[in-house]
Amino acid sequence: MSTLTADDLRARVGELLAAHPPASTDRLEFLRARFDAGLAWVHYPAGLGGLDAPRELQNVVEAELAKAGAPDNNPRRIGIGLGMAAPTILRFGTEEQKQRYLRPLWTGEEVWCQLFSEPGAGSDLAALGTRAVRDGDEWVVNGQKVWTSVAHIARFAILVTRTNPDVPKHQGMTYFICDMTDPGVEVRPLRQLTGEAEFNEVFLSGVRIPDANRLGAVGEGWKVAQTTLMNERVAIGGNAIPREGGLIGMVSQTWRDRPELRTPELHDRLLKLWVQAEAARLAGTRLRQQLAVGAPGPEGSAMKLAFANLQQALTGLEIELSGEDGLRYDDWTLRRPEKVDMLGRGPGYRYLRAKGNSIEGGTSEVLRNIISERVLGLPSEPRVDKDVAWKDLPR
Ligand SMILES: Cc1cc2nc3c(=O)[nH]c(=O)nc-3n(C[C@H](O)[C@H](O)[C@H](O)COP(=O)(O)OP(=O)(O)OC[C@H]3O[C@@H](n4cnc5c(N)ncnc54)[C@H](O)[C@@H]3O)c2cc1C
C-alpha cells in the first residue's frame with residue numbers, strides 16, 4: 001500500500017479539477033479522467049482507477065469533488081458492478097480482464113448483473129444446475145437464473161455454472177463473465193411486491209462463452225463466488241452514511257414535522273432505532289477500516305443482517321408515523337427501474353421494498369447461520385450432502 005496522505009489526495013483532486021473543470025467538462029469525460037487519475041476507488045491498484053491508498057481516504061476524495069460540484073458515477077445504478085463484479089475481477093481476473101472491464105464498469109458505461117440464483121438454488125447456491133460444457137475454446141451454457149436485478153439494462157453478468165456434475169456440489173462449479181448481448185440470453189421481467197420489475201428471469205440457451213471470459217480456475221467457481229458474496233454483504237450493509245443520514249434521518253424528520261401523530265410508544269421506538277442506527281453506522285466504519293487492510297470476512301454478514309432489520313423496522317415506523325398518508329401508494333403500473341431509490345420515493349414504496357432487504361444478498365436466516373458458524377465458532381448445521389456427487393442429489 002502507498003504512503004499517500006489526505007493532503008496528497010486533495011492535491012491530486014485539485015489537479016483533476018484544474019484539468020477538467022466540472023462546469024465545462026462532459027460528465028463521462030470527467031469520470032474517465034477521474035478513473036485515469038486513480039481517484040475512482042483509491043484503494044485499487046494504480047492503473048486500474050486507484051492509487052494503492054488506504055480505502056478510508058476515498059472519503060477525502062468524495063468530499064473534495066462534492067464541494068467542487070463534480071459529477072458522481074451514480075453508484076446505485078451500477079451497484080452490482082461496483083460491489084460484486086469489480087472486487088471479484090480484481091482478485092481473480094487476468095490482467096487483460098482487469099484492463100478491459102473495470103474502467104467502463106466504474107464510469108457506468110457498462111452495467112453489470114449477477115447471474116447466481118436459480119429456481120432451487122438460492123440460499124443453497126452450491127446446488128445450482130446451469131450447465132457449462134466445454135467445446136474447444138468456448139463453453140456452451142444452458143440453464144435458468146432468477147431474481148436477476150438490473151439484467152434488463154446490463155451489458156455483462158457474473159455467472160456461476162456447473163461444469164462437473166460428478167463431484168460434490170461445492171466442487172465442479174466454474175465462474176464466467178457473460179456478455180448479456182450474446183445470442184441465447186433471454187431476459188424476462190419479474191414483477192415484485194412494489195409492483196415494479198426491478199429484477200428478471202434470465203434464460204440461457206446454448207450461450208457460447210469464450211474460455212478467455214472465465215474467472216478463476218475450472219472447478220473453482222465456489223471459491224470465486226465466496227469472494228463475490230462476502231463483498232456483496234459489505235456492499236449492501238456497509239455503506240458509509242453520516243450520523244442521522246439515510247432512513248433514520250428521514251424518519252426523524254417525519255417525527256419533527258408531524259407532532260400531532262406522536263405517542264410515547266412511537267417515541268420510545270424511534271429512540272431505540274436511532275441508537276441502533278448509530279451503532280450500525282459506527283460498526284460499519286470499523287468494518288471498512290478492517291477492509292482497508294485485508295479481505296472482507298464473515299463479519300460483513302452481521303452488517304447486512306443489522307441493515308435489513310433496521311431498514312424494515314424504520315420503514316414500518318415511518319408508515320405508522322405518517323398516519324393515513326403512509327397507506328398511500330402509487331398506481332402499480334409495471335415499471336422497470338434502473339435502480340433502487342429508497343430515499344427518493346414515498347413511505348409506501350420504502351416499506352414494501354425494504355421487505356426484500358432480508359432476502360437479497362443472502363437471507364437473514366442464512367446469515368445467522370454464517371455468524372454462528374464462522375464468527376462465533378458454534379457447531380455447524382448437519383450437511384449430509386457434502387460428499388455426494390451433485391448429479392446424485394435429490395431435487
Ligand atoms: C430484491 C431482490 C434482488 C435480488 N437480486 C439478485 C441478483 O441480482 N442476482 C441473484 O443471483 N440473486 C438475486 N436475488 C436472489 C436472492 O439472493 C435469493 O432470493 C436468496 O439467496 C434466497 O434464495 P431463495 O429465494 O431461493 O430462497 P430459499 O433458499 O428457497 O429459502 C426459503 C426460506 O428458507 C430459509 N432457509 C433456507 N436455507 C436455510 C437454512 N440452511 N437455515 C435456515 N433457514 C434457511 C431462507 O432463509 C428463506 O426464508 C435477489 C432477491 C431479491 C429479493
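Note that the structure is predicted; figures quoted are calculated from it, not measured. (Residues numbered from 1 in each chain as written. Predicted model: local features only at pLDDT ≥ 70, side-chain atom pairs only at ≥ 80, totals over all residues. Heavy atoms only, no water.)

**Here we look at the pairing of strand β4 (residues 156-162)**
Stated formally: Summary of the burial criterion: residues with accessible area below 20% of their type's maximum are buried, those above 50% are exposed, and those between are partly exposed, where the area comes from a 1.4 Å probe applied to protein chains only. Note on conventions: DSSP H or I runs of at least 4 residues are helices, E runs of at least 2 residues are strands, and numbering of each starts at the N terminus. The pairing criterion is simple: DSSP has to find at least two bridges between the two strands.
Most of β4 sits out of view: 7 of its 7 residues are buried. The alternating pattern of β4 places F156, I158, V160 and R162 and A157, L159 and T161 on opposite faces, both of which are buried. Where strand β1 (residues 112-115) lies against β4, 4 bridges are found, and the strand directions are parallel. Opposite L115, over in β4, you have L159 as the bridge partner. By the bridge criterion, 7 bridges tie β4 to strand β5 (residues 173-179) in an arrangement that is antiparallel. Looking across to β5, one finds that A157 is bridged to C178.

**Regarding the site of the ligand**
Basically, it comes down to this: Distances are taken per atom, and a residue is near a molecule or strand as soon as one of its heavy atoms is within 4 Å of it. Every accessible area reported is derived by Shrake-Rupley at a probe size of 1.4 Å, with residue values counting cover from the shown protein chains alone. Residues are sorted three ways: Asp, Glu, Lys and Arg are charged, Ala, Val, Leu, Ile, Met, Phe, Trp, Tyr, Cys and Pro are nonpolar, and all the rest, Gly among them, are polar. These domain limits were set by an automatic method or by a database of domain assignments.
Taken together, 19 residues lie around the ligand, and S117, S123, W147, T363 and E365 are the ones closest in. Within the complex, 69% of the 980 Å² of free accessible area of the ligand lies under protein. If you tally residues by element for the shell around the ligand, the top one is helix α11 (residues 364-375), at 3 residues. For the shell around the ligand, the per-class residue count stands at 6 nonpolar, 9 polar and 4 charged. In terms of domain composition, the shell around the ligand takes at least three residues from each of domain 2 (112-219) and domain 3 (226-376).

**Quick notes on helix α9 (residues 299-321)**
Short version of the rule: To estimate the expected span of a helix, subtract one from its residue number and multiply by 1.5 Å.
Taking 1.5 Å of rise per residue, 23 residues should cover 33 Å, and α9 covers 33 Å from first to last C-alpha, within 8% of that figure. Among the residues trailing α9, G323 stands out with phi positive, at a value near 60°.

**A closer look at the state of the cysteines**
What counts, and what does not: The term disulfide is used for any two cysteine sulfur atoms that are within 2.5 Å.
Here the structure, examined in full by the defined rule, presents 0 disulfides. C178 supplies the cysteine sulfur nearest to C113, a cysteine that is in no disulfide, at a spacing of 7.8 Å. Relative accessible area serves as the criterion here: at 0%, C178 is assigned to the buried category.

**Considerations on the environment of A354**
Spelled out, the test is: Any two residues having at least one pair of non-hydrogen atoms within 4.5 Å are treated as being in contact.
Residue position: A354 is located in helix α10 (residues 347-354). Through-space distance from the C-alpha of A354 to that of A46 is 37 Å; in sequence the pair is 308 residues apart. If near-sequence neighbours (up to four positions away) are discounted, A354 is found in contact with Q311, Q312, T315 and M342.

**Remarks on the nonpolar core**
For the record, the criterion: As used in this record, nonpolar core signifies buried Ala, Val, Leu, Ile, Met, Phe, Trp, Tyr and Cys residues forming a set joined through side-chain atoms within 4.5 Å.
In terms of nonpolar packing, the biggest core is built from 53 residues, with W41, W112 and M180 touching the most fellow members. Residue contributions to this core reach at least three from each of two domains, namely domain 1 (7-72) and domain 2 (112-219). Each residue touching W112, except ones within four places of it in the same chain, is listed here: I80, G81, A85, I89, Y101, L105, V150, A154, F156, A157, I158 and I177.

**So, the UniProt feature "domain: Acyl-CoA oxidase/dehydrogenase middle" (unreviewed entry) in the protein chain**
To keep it simple, the criterion reads: UniProt positions are given in the numbering used here, feature names are shortened, and annotations may be inferred rather than shown by experiment.
UniProt's entry tags residues 113-197 with the feature "domain: Acyl-CoA oxidase/dehydrogenase middle" (unreviewed entry), counted in the numbering of this structure. For residues 113-197, helix accounts for 0% and strand for 42%, while the C-alpha atoms at its two ends are 14 Å apart.

**Focus: a nonpolar patch on the surface**
Threshold: Patches here: salt-bridge-free residues with over 30% relative accessible area, like charges joined within 9 Å, nonpolar side chains (Val, Leu, Ile, Met, Phe, Trp, Tyr) joined within 5 Å. The term salt bridge refers to a pairing of a side-chain nitrogen on Lys or Arg with a carboxyl oxygen on Asp or Glu at a separation within 4 Å.
Residues V375, L376 and L378 make up a contiguous nonpolar surface patch of roughly 270 Å² in combined accessible area. Its location among the elements puts L378 in the segment after α11. Its relative accessible area of 44% is what places L378 among the partly exposed residues.

**Focus: the domain arrangement of the protein chain**
Partitioning the protein chain into structural domains gives domain 1 (7-72), domain 2 (112-219) and domain 3 (226-376). Relative to domain 2, the C-alpha centre of domain 1 lies at a distance of 34 Å.

**Remarks on the packing of aromatic side chains**
For clarity, the threshold we go by: To pair, rings of Phe, Tyr and Trp, with the six-membered ring standing in for Trp, must have centres within 6.5 Å; the planes then decide the type, stacked if under 30 degrees apart, edge-to-face if over 60, and tilted in the middle. Think of it as a cone above the ring: NZ of Lys or CZ of Arg counts as a charge over the ring if it is within 6 Å of the ring centre and within 35 degrees of the ring normal.
The final tally for this structure, using the stated rule, is 10 aromatic pairs. Arranged with centres 5.5 Å apart and planes meeting at 85°, the rings of Y101 and W112 form a pair that is edge-to-face. Of this pair, Y101 sits in helix α5 (residues 95-107) while W112 sits in strand β1, placing them 11 residues apart in sequence. Neither residue differs from the other here; Y101 and W112 are each classed as buried. One Lys or Arg, R345, reaches over the ring of Y349 and ends 3.9 Å from the middle of that ring.

**Some words on the pattern of salt bridges**
Applying the stated criterion across every chain, the model contains 38 salt bridges. For R258, the salt bridge goes to D325, with nearest N and O atoms at 3.4 Å. You can see R258 sitting in the loop between α7 (246-257) and α8 (264-292) and its partner D325 sitting in the loop between α9 and α10, a full 67 residues away along the chain. On the basis of relative accessibility, which here comes to 37%, the residue D325 falls in the partly exposed class.

**Observations concerning the side chain of S372**
Among the structural elements, S372 can be located in helix α11. Once residues lying within four places of it in the same chain are set aside, the contact partners of S372 are G377 and L378.

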